[in-house]
Amino acid sequence: MKVVNTIEEVRAIVKEWKSNGLSIGLVPTMGYLHEGHASLIKKASQENDRVVVSDFVNPTQFAPNEDFESYPRDIEHDSAVAEENGADIIFNPDVEEMYDSKAVTFVNMTGPTEELCGKSRPIHFKGVCTVVSKLFNIVTPDKAYFGQKDAQQLAVIMKMVKDLNFGVEIVPCPIVRELDGLAKSSRNTYLSPEERKSALVLHKALNAVKKLILDGEKDTRILEEKLTQIIHTEPLAKIDYAEIVSFPDIVPLDYLKGDFLVAVAVYIGRTRLIDNFIIENGEEK
Ligand code: PAF
């Protein structure tokens, strides 16, 4: 497995693969790979002849007050994880390689970007859509793999691919959890031991609401209140949102109808964690 730093080199490798009729899977990441990423890479390597993992902490999706500078980075560890799980190259450009200092073109979306994370992180999805479009143009993958932990991001990328006619299939991948239920995230490394325990409240609240839904509750106000009430039992937790929206349109719902997403974003101390579940055709996805 090779670490590649330039767009030119990725393009040359991809050209060679394509001339040999090989299919290509892309796993876009910001690095600091954990078992969640590993599951995406493994799936990509089972479904494609070649796999590219991009490893780039994308500055345009962070607001100035967010954790771009402190976001954990470890390319040696990432290379080992990518290789173990079947990647062929890891694309690790620097910011200057990805963004021309005079660039004025960005990909912006309304609709699904306007709720949930889009409210508290107003520039976030513009950065995500822009960098993912650039990665699609550089790697030209047949399939690209996205984790359901970022369920709104998954919906946004699916919509972008449809609206802009990208010739790539988006493959959603399930959330990978620690044994005690905490969703795997690179940001979990920020948590102190006490915060790590408190962080379990996200999964606990989601499970309680899942049970209410299975028992037949359809009023989202009651369900959202339950989420809030459980999260508030944890003194270190501060809610950003705890909401139920349609999926993949991401429109707030008064009553459960069709496919929907139950999503929470909660600060545990200074660390913002997200978690969710999706119900599709009456069943958990
Ligand atoms: O999910 C992430 O890690 C990032 O948002 C992505 C898709 C790699 C774009 O920077």
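## A word on the overall build of the protein
Here is step 1: Check the secondary structure of the protein and you find 10 helices and 10 strands.
Here is step 2: For a compact globule of 285 residues, the expected C-alpha radius of gyration is about 19 Å, and the protein comes in at 19 Å, within 12% of that figure.
Here is step 3: Its C-alpha atoms give the protein principal-axis dimensions of roughly 55 × 40 × 40 Å.
Here is step 4: When burial is assessed residue by residue, the protein has 52% of its 285 residues classed as buried.
Here is step 5: Of the roughly 13,800 Å² of accessible surface on the protein, a fraction of 50% belongs to carbon and sulfur atoms.

## Things to note about the sheet that holds strand S7 (residues 237-246)
Whenever strands of a sheet pair, they do so through backbone hydrogen bonds, lying parallel or antiparallel.
Here is step 1: In space, the four strands of this open sheet follow the order S7-S8-S9-S10, with antiparallel pairing throughout. In the strand order of this sheet, the two ends are held by S7 and strand S10 (283-284), each with one partner.
Here is step 2: As judged from the two bridges shared by strand S9 (residues 271-280) and S10, these two strands associate in the antiparallel manner. In the strand pairing of S10, Glu 280 is matched with Glu 283.
Here is step 3: Against the sheet, helix H9 (residues 200-214) contacts S7, strand S8 (260-268), S9 and S10, and its axis sits at roughly 20 degrees relative to S9.

## Brief notes about the layout of surface pockets
A probe matching the size of a water molecule, rolled over the atoms, marks out where space remains unfilled.
Here is step 1: One number sums up the size of the second largest pocket: a volume of about 160 Å³.
Here is step 2: As for the second largest pocket, its lining consists of 16 residues, of which Asp 55, Phe 56, Val 57, Arg 73 and Asn 92 are closest to the centre.
Here is step 3: Here the lining of the second largest pocket is built from residues that sort into nine nonpolar, two polar and five charged.

## What about the sheet that holds strand S1 (residues 2-4)?
Here is step 1: Across the sheet, six strands lie side by side as S1-S4-S3-S2-S5-S6; this open sheet has parallel pairing. In this open sheet, the two edge strands, each paired with only one partner strand, are S1 and strand S6 (169-173). This sheet shows a mean twist of 25 degrees between the axes of neighbouring strands, independent of strand direction.
Here is step 2: By the bridge criterion, five bridges tie strand S5 (residues 143-147) to S6 in an arrangement that is parallel. Residue pairing across strands places Tyr 145 opposite Val 171, the latter belonging to S6.
Here is step 3: Sheet strands touched by helix H2 (residues 35-47): strand S2 (24-29), strand S3 (50-55), S5 and S6. Its angle to S5, the strand with the most contacts, is close to 155 degrees.

## Considerations on the side chain of Ser 185
Here is step 1: Mapping Ser 185 onto the fold places it in the loop between S6 and helix H8 (193-198).
Here is step 2: Polar side-chain contacts of Ser 185 include one of 3.0 Å to the backbone nitrogen of Arg 187.
Here is step 3: In this view, Ser 185 contacts His 34 and Lys 149; residues no more than four positions away in its chain are not counted.

## Quick notes on the pairing of S8
Here is step 1: When you tally the buried positions in S8, you get eight out of nine residues, the bulk of the element.
Here is step 2: Sheet analysis places S7 next to S8, joined by nine bridges and oriented antiparallel. Counted as the bridge partner of Glu 243 is Ala 263 from S8.
Here is step 3: Pairing analysis gives nine bridges linking S8 to S9, with the strands arranged antiparallel. Across the sheet, residue Ala 265 finds its bridge partner in S9, namely Ile 274.
Here is step 4: The antiparallel hairpin formed by S8 and S9 contains two residues in its connecting segment, where Gly 269 sits at a positive phi of about 60 degrees.

How each quantity is defined
Residues numbered from 1 in each chain as written. Predicted model: local features only at pLDDT ≥ 70, side-chain atom pairs only at ≥ 80, totals over all residues. Heavy atoms only, no water. Helix = DSSP H or I, 4+ residues; strand = E, 2+ residues; numbered from the N terminus. Rg over C-alpha atoms; globule rule 2.2 N^0.38 Å. Buried < 20%, exposed > 50% of the residue type's maximum accessible area, 1.4 Å probe, protein only. Areas by Shrake-Rupley, 256 points an atom, 1.4 Å probe, with all protein chains shown as cover. Pairing = 2+ DSSP bridges. Contact = heavy atoms within 4.5 Å. Axes fitted to C-alpha atoms, helices over the stretch in contact; angles between N-to-C directions. 1 Å grid on protein atoms, 1.4 Å probe; cavity = no way out; pocket = protein on both sides within 12 Å on 5 of 7 lines; lining within 4 Å. Points joined across faces, edges and corners; volume = space filled by probe spheres on them. Nonpolar A, V, L, I, M, F, W, Y, C, P; charged D, E, K, R; others polar. Polar contact = N/O pair within 3.5 Å; in protein donor to acceptor, adjacent residues only side chain to side chain.

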